[in-house]
Amino acid sequence: MTDTTSRPATGRGRLDEVGNELQGGRGATVAPENRGRTTISDSVVEKIAAMATREVSGIHSLGAGMARAIGAVRDRVPAGRPGLTRGVTVEVGERQAAVDLDVVVEYGVSIVDVAGDVRINVISAVERMTGLEVVEVNIAVDDVHLPDEEGEKEETEGRVT
């Protein structure tokens, strides 16, 4: 979990006994946006990164092999929550974040272009929504989704009643 502390402008916050300005001052002399501290959980950054990744054309899904298989079973269980952040891990500091993604891309797309688009979208979304600086977005392409893979699964499922 990270804390983002708003700092009052010089001369507007409280001073300690030595004359140093304190963070997150109180009272009418401090601007409202500088009163208090905001804490952002790692899971919040994971969700933002996951949503931003899924918005990119050419991304089929998130997660590496076994995580996807377990997630697919969990998604089918009634009252089970879909694994929104499957394939996303983050490391969040006080002012910076690093994001690691495991993705499956659609067959036929340029992996280099999709990875660039994912980086741009994730960095933009995380920085805009959290104020954290994203220092890196590492992308591991674990699989390529072929158009006929969906049909094979449906046939197998249809044979068993």
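Thresholds applied
- Residues numbered from 1 in each chain as written.
- Predicted model: local features only at pLDDT ≥ 70, side-chain atom pairs only at ≥ 80, totals over all residues.
- Heavy atoms only, no water.
- Helix = DSSP H or I, 4+ residues; strand = E, 2+ residues; numbered from the N terminus.
- Buried < 20%, exposed > 50% of the residue type's maximum accessible area, 1.4 Å probe, protein only.
- Contact = heavy atoms within 4.5 Å.
- Areas by Shrake-Rupley, 256 points an atom, 1.4 Å probe, with all protein chains shown as cover.
- Expected span 1.5 Å × (residues − 1).
- Arc of directions from axis to C-beta.
- Axes fitted to C-alpha atoms, helices over the stretch in contact; angles between N-to-C directions.
- Parallel < 35°, antiparallel > 145°, perpendicular 65-115°, else oblique.
- Left-handed = near helix turned anticlockwise from the far one by under 90°.
- Nonpolar A, V, L, I, M, F, W, Y, C, P; charged D, E, K, R; others polar.

A.B. asks: I'm lost on the overall build of the protein in this one. Help?
C.D. replies: Within the protein, the regular secondary structure consists of four helices and six strands. The linear arrangement of helices and strands in the protein, starting from the amino end, is β-β-α-β-α-β-β-α-β-α. When the 161 residues of the protein are sorted by exposure, 29% land in the buried category. By sequence separation, contacts in the protein at least 24 residues apart represent 65% of the contacts at least 6 residues apart. Surface summary for the protein: the accessible area is close to 10400 Å², and the carbon and sulfur share equals 50%.

A.B. asks: Quick question: what am I supposed to make of the environment of serine 43 here?
C.D. replies: Checked against the element boundaries, serine 43 lands in helix H1 (residues 42-54). Of the residues examined, serine 43 reaches a relative accessible area of 35% and is grouped as partly exposed. C-alpha separation for the pair serine 43 and valine 88, spaced 45 residues apart in sequence, amounts to 9.7 Å.

A.B. asks: Explain helix H3 (residues 111-130) to me, please; I cannot follow it from the model alone.
C.D. replies: Each turn of an α-helix holds 3.6 residues, which means side chains three or four residues apart point in the same direction. For H3, which comprises 20 residues, the first-to-last C-alpha distance of 28 Å matches the rise-based estimate of 28 Å (1.5 Å per residue) to within 8%. Listed in full, the buried residues belonging to H3 are Val114, Ala115, Val118, Val122, Ala125, Val126 and Thr130. Projected down its long axis, H3 carries its buried residues within an arc of 110°, all on one side. Turned more than 90 degrees off the buried face of H3, the exposed positions are Val112, Ile120 and Arg128. Backbone geometry just downstream of H3 places glycine 131 in the positive-phi region, at approximately 80°.

A.B. asks: I'm lost on the packing of H1 against H3 in this one. Help?
C.D. replies: The relative placement of two packed helices comes down to the angle between their axes together with the axis-to-axis distance. For the pair H1 and H3, interaxial distance at closest approach is 8 Å and the crossing angle is 140°. Looking at the two axes, H1 sits oblique to H3. Like other packed secondary-structure pairs, H1 and H3 cross with a definite hand, here right-handed. Here H1 contributes Val45, Ile48, Ala49, Ala52 and Thr53 to the contact with H3, which in turn contributes Val118, Asn121, Val122, Ala125, Val126, Met129 and Thr130. Each residue belonging to the contact of H1 with H3 can be placed in one class, and the counts come to nine nonpolar, three polar and no charged.

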